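Fold and geometry: a report
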Amino acid sequence: MKYRILTIVTIGFVCGILWELYKLEMALFFCIFLGFILVIAWTCKRRQEKRAIRYQKWMRKQISYKMLLIGIIAFGIGVIYTEICKQDYEKVFALENQKLSLQGIILSDKQEEEYKDVYTIQIETIGKSSSLKGKKVILNVKKQKHGNILLQYGDRVCITGEILPPEKQRNENGFQDIEYLRSRGYIGRMQVRPDAISILEQDCIHGIAKIANTIKQALTKSITKLLPEKTRGLCLGILLGDKEQISQECIQDFQGSSLSHMLAVSGDHVNYLIMGVSLLLYKMKCNNRGASFLAILVLILFMYMTGFTPSVARACIMGILALGAKIGYQKYDWINSFSISILLLTIGNPFVLQDVGFLLSYGGVLGIICFFPILETEIQKRKEARQEKRSHSQTTEVTLVVVREETKARKIGKMVLENIQTIVGISISANIVLIPILMLTFQTVSFTFWISNILAGGIMGILVLMGFSFSILGMLVGPTMQKLLGFLLNAFLELLMGIAKFCAQIPFSRVYVIPPSLGIILVYYMAIFLFCGYYHLKEKKSKRILEEWILLQLQHERKKWKYRCKKYKKYILLVRCSMFSFIPNTAISS
């Protein structure tokens, strides 16, 4: 932490944003955290035990005055920046229920609803003022029997109408419209009739944004040809995050089975996308650096296609940084890339911290990184303990040992069990962090999430790779081949829908709970991450003790070095190849 300046800056900046948004809760959190630090310091001074001294040395090693100063400066910048962004919304609130003229560019395709068509507009001017230039507005165009207008992506339009005030919160801990608009980067909504809109110019967007939109429309048309109406919306939701054509029953099944992350494009989609692009370029005999450059370009296009949703932006930014490290022959640091992605998203929109997709995406990754290694270590320890118990239970008599060769079926079964264990471990690790967010946002908890993830985990990768490859092939082949591709893709989509429906009907798949307060959630997170840090420190200490024991054994054998040189070298080689590979090279020279 001492040399991770970007991480310190990110933590300070995010804390500054949270302080401006939730002053009371953050004050409570800081008081509890400072109280905990003071208790540790008092214990270290009072007892002067070895353990207390060790924690004191560790704290001094990790924290320096320069890092604290950088964190405080970043905290102040976060507070000021959030206050400036709040002033933009105050400007909009002053314009509510006033008839005004807005000029902007259409940034989305039409989304049809029952009584209106919905578009996203990027503001250029409001009246004669350009103070809100670059901000986004949701445009609701009322449907009429005659005289409807069709707007295209990239049209420059002039609209005369009123900006509507956000909807009021209907019940406690319920949906807050103002938080939703801020987290998505919208400053408000306009609802107008078609005759209040005039198109000034077409195709005003150029460059990579236009290319990405053209590819998105081509993929949508291809999927529409390949699949029937029942599974078409699900495929578009999985590949592009477009849930417009998904039935409400299907959405409820995926929510009830804890598989709703599959309908929102997330890190899994990006991983499978990178895997598919890398495999394709490898077959084309493309070198590693060229393949990495092309993969970065694909990820940038994918972010534009999905509208820069927080989950996609997080995964793509981290993927781009990983590929950039590979291009520059540098070691990839996930902590710095994680921090950079948060910093970029919060600079673009500080209110993204209130977005559910942002919280679920980053919370899931943080849970997997922090707690999955702990679960793996504990499982491995139990396996080793069972094996040791079996070896001790054998008699000292000489017995005939029959070594059985593993059959192919046995190897496959072992591999399947290991994959199931990994999926369950990843699901549990992610939900350790996500459960409070789910309780606060959806007022539900699932105890069967691991079942649905085991059943649907393997299908997800197949669907992403098949969906993109089949939709591209569907543009190039004839009708007969299109039917065959559509049949195969439809079969997997039907299977996924069946799994979601089955898992949603399992008892305890959705348990309604009372949402906890923000203060309780902050205390919970502080407790689990302190436990995580304590566990890793404990493991590091046990490894250090093991290293010291091995080095003592090597020193004991030093007298016999001349007589057993070959055997000693072999022992060193075996130790280095095992889990004790952290022995320094100086041990051999001694």
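Heads up: the structure comes first, above all this text.
What you see is a predicted model, and the numbers here were worked out from it, not measured in a lab. (Residues numbered from 1 in each chain as written. Predicted model: local features only at pLDDT ≥ 70, side-chain atom pairs only at ≥ 80, totals over all residues. Heavy atoms only, no water.)

To continue, consider the pairing of strand S6 (residues 186–192). Within a regular strand, the side chains alternate between the two sheet faces. Across the seven residues that make up S6, a large majority, six, are buried. Taken together, the five bridges between strand S4 (residues 136–142) and S6 define a ladder with parallel strand orientation. Counted as the bridge partner of Leu139 is Met190 from S6. (Buried < 20%, exposed > 50% of the residue type's maximum accessible area, 1.4 Å probe, protein only. Helix = DSSP H or I, 4+ residues; strand = E, 2+ residues; numbered from the N terminus. Pairing = 2+ DSSP bridges.)

Attention shifts here to the environment of Ser337. By secondary structure assignment, the location of Ser337 is in helix H12 (residues 334–348). Spatially, the C-alpha atoms of Ser337 and Leu6 are 9.2 Å apart, while their sequence positions differ by 331 residues. Contacts of Ser337, omitting those with residues within four sequence positions, involve Met318, Leu321 and Tyr332. Engagement of the side chain of Ser337 in a polar contact is seen with the backbone oxygen of Trp334, the distance being 2.9 Å. (Contact = heavy atoms within 4.5 Å. Polar contact = N/O pair within 3.5 Å; in protein donor to acceptor, adjacent residues only side chain to side chain.)

On to the environment of Gly324, then. Looking at the element boundaries, Gly324 is found in helix H11 (residues 310–327). Here the alpha-carbon distance between Gly324 and Arg289, two residues 35 residues apart in the chain, equals 9.2 Å.

Attention now goes to helix H6 (residues 208–226). The end-to-end C-alpha separation of H6 is 27 Å, in line with the 27 Å expected for 19 residues at 1.5 Å each. Residues Ala209, Ala212, Asn213, Leu219, Ser222, Ile223 and Leu226 constitute the buried set of H6. Those residues of H6 that are buried are in contact with helix H7 (229–240), helix H10 (288–305), helix H15 (449–474) and helix H16 (479–504). (Expected span 1.5 Å × (residues − 1).)

As a further point, take the packing of helix H9 (residues 267–283) against H10. Relative to each other, H9 and H10 sit at 140°, their axes nearing to 10 Å. In this view, H9 runs oblique relative to H10, as classed from their interaxial angle. Relative to H10, H9 is oriented so that their crossing is right-handed. Only Ala291, Leu294, Ala295, Val298, Leu299 and Phe302 of H10 make contact with H9, whose side of the interface consists of Val270, Leu273, Ile274, Val277 and Leu281. The residue inventory of the contact of H9 with H10, partitioned by class, reads 11 nonpolar, no polar and no charged. (Axes fitted to C-alpha atoms, helices over the stretch in contact; angles between N-to-C directions. Parallel < 35°, antiparallel > 145°, perpendicular 65-115°, else oblique. Left-handed = near helix turned anticlockwise from the far one by under 90°. Nonpolar A, V, L, I, M, F, W, Y, C, P; charged D, E, K, R; others polar.)

This part is about the state of the cysteines. Throughout the structure, instances matching the rule amount to zero disulfides. We note that Cys370 lacks a disulfide partner, and the nearest cysteine sulfur, in Cys532, lies 4.4 Å from it. Cys370 gets classed as buried once you look at its relative accessible area, which sits at 13%. (Disulfide = S-S within 2.5 Å.)

None of this, on its own, says anything about what the molecule does.
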